[in-house]
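The lines below spell out each chain.
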Amino acid sequence: MTRKLFPLLLLAALGASCTHLASVSVTSIPANRGQHVSAERYKFLFLLLNFNNDFVQEMERDLAAKCPKGKVEGIVTKLENITYFPIIAHAYNVTADGYCVAR
Amino acid sequence: MQLFRPIAHCALLGLLSGCAFLHRYQLQSVDGRIQQSSTRRFEFLVSQTGIDLVEGAKWVSVIARDARTQNNANDAATIIALFQMGPRTGNPVYSTRFADELGQKLHHMCKNNEITGLTFTRETNKYPVVSGELVKVAGYCLSSAAPAKRKP
């Protein structure tokens with residue numbers, strides 16, 4: 001019984017994906033919380049191999065494109081480390097949510 | 001079979017070496033004017049060398065041929081690991097003052113104009129035993145000539 005149960009438990013543990021919150025930050029929240037804007041960047045890592053973090057670059061441009069005549073404030077940024085399968089399949093996910101405030 | 005273990009260790013370390021890790025990402029408020037051609041983007045980083053002594057001791061235990069040296073190296077790795085136990089970001093560095101100059105550098109990047117879309121990224125560039133502990137800063141320097149409002 002134990003011989004069958006152990007591999008099953010091991011498989012379940014290895015197969016279960018996990019998400020870790022690496023960092024979160026918030027800037028000053030504006031009083032005029034009008035239009036909600038958001039941007040997201042994702043990078044899949046095979047065997048944890050990652051040679052640069054350029055995927056987060058210019059994320060602010062995504063937000064600015066959604067608010068060309070105003071200013072994005074009250075930005076909540078979140079960095080998640082996702083494990084789909086230990087060592088083999090991982091990912092980074094970065095999200096930024098804020099409010100477009102007219103200048 | 002005796003050769004297999006060190007080769008497997010080396011292969012694993014080789015696979016995991018030279019990798020970039022992203023620890024933290026922070027974005028400040030973004031002005032829509034960053035899309036204008038008069039806006040200048042800037043980027044800089046400050047860094048310090050991190051040293052993983054535990055990994056170094058493990059390398060010694062893999063490379064060493066006699067069992068005594070291997071055991072001593074493993075003991076040293078365990079003792080160092082106990083002293084460095086606890087939450088941390090990246091490898092230990094001998095001084096964190098490398099990040100103190102961030103404010104001054106930001107001032108030099110955009111002396112008299114408004115800075116917007118500031119991003120702070122904390123990264124580690126990992127190599128065997130040593131690492132680069134980085135803080136990357138990027139942002140936009142709004143030109144004083146950039147209009148506050150676009151014409152309708």
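Residues numbered from 1 in each chain as written. Chains lettered and ligands numbered in written order. Predicted model: local features only at pLDDT ≥ 70, side-chain atom pairs only at ≥ 80, totals over all residues.

Okay, the interface of chain B and chain A next. You'll often see interface size given as the accessible area lost when the parts meet. Residue-level contacts link 25 residues of chain B with 33 residues of chain A. Only α1 (4-16), β1 (19-27), β2 (30-31) and β4 (115-126) of chain B provide two or more residues apiece to the side of chain B that touches chain A. The greatest single-element share of the side of chain B that touches chain A, amounting to eight residues, is contributed by β1(B). Pairing of strand β3 (residues 70-85) of chain A with β2(B), which is carried by two bridges, proceeds in the antiparallel orientation. What sits directly across from Lys71(A), in β2(B), is Asp31(B). (Contact = placed C-beta atoms within 7 Å. Helix = DSSP H or I, 4+ residues; strand = E, 2+ residues; numbered from the N terminus. Pairing = 2+ DSSP bridges.)

By size, the foremost hydrophobic cluster in this structure holds 23 residues, and its most contacted members are Met59(A), Leu63(A), Cys67(A), Val72(A), Val94(A) and Ala96(A). Looking at this core, the elements with two or more residues in it are β2 (35-46), α2 (59-66), β3 and β4 (89-102) of chain A together with β1 and β5 (130-141) of chain B. Per element, the largest residue contribution to this core is five residues, and it comes from β4(A). Ignoring any residue separated from it by four or fewer positions in sequence, one finds Ala96(A) in contact with Ser38(A), Ala39(A), Met59(A), Leu63(A), Ile75(A), Thr77(A) and Leu27(B). (Core = buried A, V, L, I, M, F, W, Y, C linked by C-beta atoms within 7 Å. Buried ≥ 20, exposed ≤ 12 C-beta atoms within 10 Å, placed from the backbone.)

All names here are of chain B. Pairing in this open sheet of four strands is antiparallel, and the strands run β1-β4-β5-β3 from one edge to the other. Edge positions in the sheet fall to β1 and β3 (40-51), since each of these pairs with one other strand and no more. In this sheet, neighbouring strand axes are inclined to one another by 20 degrees on average, regardless of whether the strands run parallel or antiparallel. (Axes fitted to C-alpha atoms, helices over the stretch in contact; angles between N-to-C directions.)

Another aspect to go through is the confidence of the model for chain B. All names here are of chain B. Model confidence for chain B is summarised by a mean pLDDT of 85, while 83% of its residues fall at 70 or above. Within the model, the stretch residues 146-152 combines pLDDT values under 50 with seven contacts to residues more than four positions away or in other chains. Under the prediction, the complex receives an ipTM of 0.84, its pTM being 0.80. (pLDDT = per-residue confidence, 0-100.)

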